[in-house]
Amino acid sequence: MTANARERILEAACDLIASDGIDDVRIARAATRARASTALVHHYFSTRVQLLEHALVASFDTAVPERFS
């Protein structure tokens, strides 16, 4: 996987949150969507909650400049 694996995983998690809601996001589903292994996801995010927290922050960081520029 390329150097931006973490970003791809976060993007996949954000996509899953948007399409299926936060309750249905699982590490395995994010890994599949990001074309990564679950081990790689766990390398960057130890728990599902940590993945969700980082995904929400990344989503907010992306949306705020676009919304308020």
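See the structure above.
Residues numbered from 1 in each chain as written. Predicted model: local features only at pLDDT ≥ 70, side-chain atom pairs only at ≥ 80, totals over all residues. Heavy atoms only, no water.

> Teacher, can you tell me more about the environment of Ala31 here?
With respect to the secondary-structure elements, Ala31 resides in helix H2 (residues 27-34). On the accessibility criterion, Ala31 (1% relative accessible area) is buried. (Helix = DSSP H or I, 4+ residues; strand = E, 2+ residues; numbered from the N terminus. Buried < 20%, exposed > 50% of the residue type's maximum accessible area, 1.4 Å probe, protein only.)

> I keep staring at the packing of aromatic side chains and nothing clicks. Help me out?
Tallied over the entire structure, the rule returns one aromatic pair. Seen in terms of ring centroids, Tyr44 and Phe45 are 6.4 Å apart; in terms of plane orientation they differ by 50°. Their pairing is tilted. Its relative accessible area of 30% is what places Tyr44 among the partly exposed residues. (Phe/Tyr/Trp six-rings, centres within 6.5 Å; stacked < 30°, edge-to-face > 60°.)

> How do you make sense of the packing of helix H1 (residues 5-20) against helix H4 (residues 48-68) when you look at a structure like this?
The relative placement of two packed helices is expressed as an angle between their axes plus a distance between the axes. Interaxial distance between H1 and H4 falls to 9 Å at its minimum, and their mutual angle equals 85°. When the axes of H1 and H4 are compared, the pair comes out roughly perpendicular. Along the contact surface, H1 presents Arg6, Ile9, Leu10, Ala13, Cys14 and Ile17, while H4 presents Leu51, Leu52, His54, Ala55, Leu56, Ala58 and Ser59. Taken together, the residues of the contact of H1 with H4 sort by class into ten nonpolar, two polar and one charged. (Axes fitted to C-alpha atoms, helices over the stretch in contact; angles between N-to-C directions. Parallel < 35°, antiparallel > 145°, perpendicular 65-115°, else oblique. Contact = heavy atoms within 4.5 Å. Nonpolar A, V, L, I, M, F, W, Y, C, P; charged D, E, K, R; others polar.)

> Which parts of the structure should I look at to understand the environment of Leu51?
In this structure, Leu51 sits in helix H4. By relative accessible area, Leu51 is classed as buried at 0%. Not counting residues within four places of it along the chain, the set of residues in contact with Leu51 comprises Ile9, Leu10, Ala13, Ile27, Ala30, Val41 and Phe45.

> Honestly, the nonpolar core in this entry has me stumped. Any pointers?
Generally speaking, soluble globular proteins have nonpolar side chains that are buried together. Counting residues in each nonpolar core, the largest one holds 18 residues, and the members touching the most others are Ile9, Val41, Phe45, Leu51 and Ala55. Elements supplying a minimum of two residues to this core: H1, H2 and H4. Tallying contributions element by element places H1 first for this core, with seven residues. Setting aside anything within four residues of it in sequence, one finds Phe45 in contact with Arg6, Ile9, Leu10, Gln50, Leu51 and His54. (Core = buried A, V, L, I, M, F, W, Y, C linked by side-chain atoms within 4.5 Å.)

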